[in-house]
Amino acid sequence: MEKMNEQADAVLAALQTDLQAARYQASRAQRQYDSADPENRLVTDELERRWNASLTAVANLERRIHEHQATHSQVTDQDWDELQNLAADLETVWESQSCDERLKKRILRTLIKEIVVDLQEARGEIHLTIHWHGGVHTQLMVPRRKRGSATRTSADALEAVRILTLIATDEMIAGVLNRNGLRTGRGNRFTRERIVSLRNHHQIPVHNPEERIKNGWMTLSEAADYLGVSSRTLRLAAEAGEIPGRHPLQDGPWVFSRADLDAAPAQAIKRRAHNRNRKAGAVPNPKQQNLDLSGT
């Protein structure tokens, strides 16, 4: 921002210098016109034309200065505070699902001046020296990937994508995989673009809301509402194996099928939950006491 301010000031100074020269030329053209013999129309017409051209140049420069000042305002204290907050929370900005690949590339171009790579073949390492625009240097060492070594995404992540695609978008799936600590075959965090590439490579269809409704795929809360039981009751039944349910990741959504919810095991769970609720409502609680509201 300081460099931007310096550049804006330099442009403004150049425009103001040009304006000063243009005003001098306009004043000089006016003096020449005033001193000319009015009867010599050939000379006065030419001097008037030059004077008008000088006045037009002055007006154009004044307009450019006004536009420049309007579009290149100085950074305020509030702007500095916002920039500082962004810098302090850069990791959150970088990991945000709304930060796509193009924005990340712009961030890298803004922050990094160059990266010097030193290949250590004997040690199987790559040494990186990052030159930041602020003047700081960072040293990194990464292991060199051997030729032919596997960079495939883990089977757990791939299976999770197959299941979660039934109920979730690519962006949501990326968030779930990252939340569970899963990474790509190259050790990167998942993004929407990487989920798309993974699906295309393994011929996994994209999430389709219409197909989801048609085939009856539901989340835990949706399945509980459909069955008429609490989410906790349905989850415990699925964890006990009483009803089929897909739960590919520990910190992630459940996936249920409408066909399984309509089957006999799920209906038995529904009847059992309803009977338990009726009994709980019919049996008085011994801890309840009468409250005497009679006046004294």
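Keep in mind that what you see is a predicted model, and the values were worked out from it rather than measured.

## Focus: the confidence of the model for the protein
- Confidence in the prediction for the protein averages 85 pLDDT; 91% of positions are at 70 or higher.
- Here helix H3 (residues 77-88) is the element of the protein with the lowest mean pLDDT, 78, and strand E4 (residues 217-218) is the one with the highest, 95.
- Note on residues 282-296: pLDDT is under 50 here. Beyond four places in sequence and across chains, it has 0 contacts.

## Some remarks on unusual backbone geometry
- Positive phi, close to 55°, is recorded for Gln203, a residue that is not glycine.
- Relative to the helices and strands, Gln203 is located in the loop between helix H8 (192-202) and helix H9 (209-215).

## Topic: the packing of aromatic side chains
- Tallied over the entire structure, the rule returns 2 aromatic pairs.
- Look at Tyr33 and Trp51: their rings are 5.6 Å apart centre to centre, the planes differ by 35°, and that puts the pair in the tilted class. Placement of the pair is Tyr33 in helix H1 (residues 2-35) and Trp51 in helix H2 (residues 41-71), with a sequence separation of 18 residues.

## Some points on the packing of helix H6 (residues 155-164) against H8
- Across the interface, H6 lies against H8 with an axial gap of 11 Å and an inter-helix angle of 90°. It follows that H6 is roughly perpendicular to H8 by the angle criterion. Two secondary-structure elements touch here, H6 through Leu158, Val161 and Arg162 and H8 through Ile195, Leu198, Arg199 and His202.
- A class-by-class count of the residues in the contact of H6 with H8 yields 4 nonpolar, 1 polar and 2 charged.

## Let's talk about the nonpolar core
- Of all hydrophobic cores here, the largest spans 20 residues; its most connected members are Val161, Ile173, Leu177, Phe190, Ile195 and Leu249.
- Where this core is concerned, the elements lending two or more residues are H6, helix H7 (170-179) and H8.
- For this core, the element with the highest residue contribution is H6, accounting for 6 residues.
- Beyond its immediate stretch of four places on either side in the chain, Ile195 contacts Val161, Asp170, Ile173, Ala174, Leu177 and Phe190.
- The next biggest cluster of nonpolar side chains, apart from the first, holds 16 residues, and it includes Leu220, Trp254, Ala266 and Ile269.

## Description of the sheet that holds strand E3 (residues 137-143)
- Taken together, the 3 strands give an open sheet; going across it, the order is E1-E2-E3, and neighbouring strands pair in antiparallel fashion. Across the chains shown, the open sheet's two edge strands, defined by having one partner strand only, are strand E1 (112-120) and E3. For this sheet, the mean inter-axis angle between neighbouring strands, taken without regard to orientation, is 20°.
- Pairing analysis gives 8 bridges linking E1 to strand E2 (residues 125-132), with the strands arranged antiparallel. When the bridges of E2 are listed, Val116 appears paired with Thr129.
- The sheet strands contacting helix H5 (residues 101-111) are E1 and E2, and the helix crosses E1 at an angle near 90°.

## Digging into the layout of surface pockets
- Approximately 1,000 Å³ is the volume found for the largest pocket.
- Every residue lining the largest pocket is counted, 19 residues in all, and those nearest its centre are Met1, Leu83, Ala87, Thr110 and Leu111.
- Secondary-structure elements contributing two or more residues to the lining of the largest pocket are H1, H3, helix H4 (90-95) and H5.
- Across the lining of the largest pocket, the residue classes break down as 12 nonpolar, 4 polar and 3 charged.

## Things to note about the environment of Ala264
- With respect to the helices, strands and loops of the structure, Ala264 is situated in helix H13 (residues 264-282).
- Along the sequence, Ala264 and Glu101 sit 163 residues apart, while their C-alpha atoms lie 48 Å from each other.

The rules we used
Residues numbered from 1 in each chain as written. Predicted model: local features only at pLDDT ≥ 70, side-chain atom pairs only at ≥ 80, totals over all residues. Heavy atoms only, no water. pLDDT = per-residue confidence, 0-100. Helix = DSSP H or I, 4+ residues; strand = E, 2+ residues; numbered from the N terminus. Contact = heavy atoms within 4.5 Å. Phe/Tyr/Trp six-rings, centres within 6.5 Å; stacked < 30°, edge-to-face > 60°. Axes fitted to C-alpha atoms, helices over the stretch in contact; angles between N-to-C directions. Parallel < 35°, antiparallel > 145°, perpendicular 65-115°, else oblique. Nonpolar A, V, L, I, M, F, W, Y, C, P; charged D, E, K, R; others polar. Core = buried A, V, L, I, M, F, W, Y, C linked by side-chain atoms within 4.5 Å. Buried < 20%, exposed > 50% of the residue type's maximum accessible area, 1.4 Å probe, protein only. Pairing = 2+ DSSP bridges. 1 Å grid on protein atoms, 1.4 Å probe; cavity = no way out; pocket = protein on both sides within 12 Å on 5 of 7 lines; lining within 4 Å. Points joined across faces, edges and corners; volume = space filled by probe spheres on them.

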